[in-house]
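Structure at a glance
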Amino acid sequence: MGFDEFLKEAALLLGLQRRPFQRRGVKRKVERRLVEIGCPGFDEYLLKIQIDPKEKDHISTILTVTISRFFRDREVFDALEKSVLPAILKDREKKDLNVWSIGCASGEEPYSLSLLWKEKFEKDFPKLHHSILATDIDEKMIERGKEGRYKKSSLREVPDNILKRYFRIKNEFYVLEQVIRESVDFRKQNILEDEPFSGMDVVFCRNLAFTYFSKESQTKVLKKLAEGLNEKGFLVIGKDEILPLMYPTLFVPFSKAQGIYQKFSLNVTNRLNLCSETED
Ligand SMILES: C[S@@+](CC[C@H](N)C(=O)[O-])C[C@H]1O[C@@H](n2cnc3c(N)ncnc32)[C@H](O)[C@@H]1O
């Protein structure tokens, strides 16, 4: 079997899109992996990923991109600050806030949320317990996230005051303050295979499922995301991503331009029914 056929079969098995991303780079990485584990060829490797879940996760990490940056698409974080979090926090009874970043890479996204909370909300909500869960399929990424050491290039959207206050420069790297590092709970999870976490107020799933996954996998993941969210919870996807066609059965757009959706609730359904009744 040649590389292209392997890629097609592997994509099908993993629930990814057939279109290879950065084909040449990926080919080199897969070939290197075959040497590393002493696998004679693509046929044998395909068999291995069918029976070995660890290797299946490993090849997924090779076939998807892991690039991220702090405050990626700043307007999305502005929308969180100005409308999403205030909408959640206006519930005066609320005692906690649970946020989940799926495909968190090396922590840039969940740490940005933690920095936003610290800078803009903590003072006004000192008693509210907030938790930020960050999951990724790639253990190496998670370890890097826990380390909290970044190159300047991943910090270009960070506001100056935050950069000065929460990062120290050490050997050309920017090291994140411990208090922020400790605020994020990193765990390994494959969103396609594993059960979703639940009780979330906001779920981030940006630049992963709705870019790399096949249509069937996207629908499967979208249902998991709805399961993970509280009623009226918010889903944030990448700015250039679109949800599967069936999404209106689970979510309503909140700010489509920023990729923000709200979980469908009974109240919303009733409202829509009422609207169509009055229109008749
Ligand atoms: C392009 S990065 C996106 C990072 C961040 N969400 C952002 O938008 O900047 C995609 C991340 O998804 C992770 N990933 C790939 N497949 C996954 C899966 N099945 N479950 C969980 N994470 C996955 C990759 O390891 C990578 O870190």
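Here is a short report on the structure shown in this document. (Residues numbered from 1 in each chain as written. Predicted model: local features only at pLDDT ≥ 70, side-chain atom pairs only at ≥ 80, totals over all residues. Heavy atoms only, no water.)

**What to know about the site of the ligand**
- Lining the immediate environment of the ligand, one finds 19 residues, of which Ser68, Arg72, Asp136, Asn190 and Asn207 sit closest.
- Here Asp136 contributes a side-chain N or O atom positioned 2.6 Å from an oxygen atom of the ligand.
- Here the ligand loses 99% of its free accessible area of 600 Å² to cover by the protein chains.
- Here the residues of the shell around the ligand are counted per class, giving seven nonpolar, seven polar and five charged. (Near = heavy atom within 4 Å. Polar contact = N/O pair within 3.5 Å; in protein donor to acceptor, adjacent residues only side chain to side chain. Areas by Shrake-Rupley, 256 points an atom, 1.4 Å probe, with all protein chains shown as cover. Nonpolar A, V, L, I, M, F, W, Y, C, P; charged D, E, K, R; others polar.)

**Examining a negative patch on the surface**
- Together, Glu5, Glu9, Asp43 and Glu44 make up a negatively charged patch on the protein surface.
- Put simply, the parts of the chain that give the negative patch at least two residues each are α1 (3–14) and α3 (42–51).
- Here Glu5 is to be found in helix α1.
- Judged by its relative accessible area of 43%, Glu5 is partly exposed. (Patch = residues over 30% accessible without salt bridge, like charges linked within 9 Å, V, L, I, M, F, W, Y side chains within 5 Å. Salt bridge = Lys/Arg side-chain N within 4 Å of Asp/Glu carboxyl O. Lys, Arg positive; Asp, Glu negative; His and termini not counted. Charge placed at Lys NZ, Arg CZ, Asp CG, Glu CD. Helix = DSSP H or I, 4+ residues; strand = E, 2+ residues; numbered from the N terminus. Buried < 20%, exposed > 50% of the residue type's maximum accessible area, 1.4 Å probe, protein only.)

**Structural notes on the nonpolar core**
- Counting 43 residues, the largest nonpolar core has Phe6 and Leu235 as the members making the most contacts within it.
- Per-domain counts for this core show at least three residues from each of domain 1 (3–63) and domain 2 (74–266).
- The residues contacting Leu235, other than those within four sequence positions of it, are Val203, Cys205, Leu222, Leu225, Leu229, Leu243, Phe251, Gly259, Ile260 and Tyr261.
- Membership of the second largest hydrophobic core comes to 40 residues, among which are Ala79, Leu155, Leu176 and Phe204. (Core = buried A, V, L, I, M, F, W, Y, C linked by side-chain atoms within 4.5 Å. Domains from an automatic or database assignment. Contact = heavy atoms within 4.5 Å.)

**What to know about the sheet that holds strand β4 (residues 167–170)**
- Read from one edge to the other, the open sheet built from three strands follows the order β3-β5-β4, with strand pairing classed as antiparallel. Only two strands of the sheet have a single neighbouring strand rather than two, namely β3 (149–150) and β4. (Pairing = 2+ DSSP bridges.)

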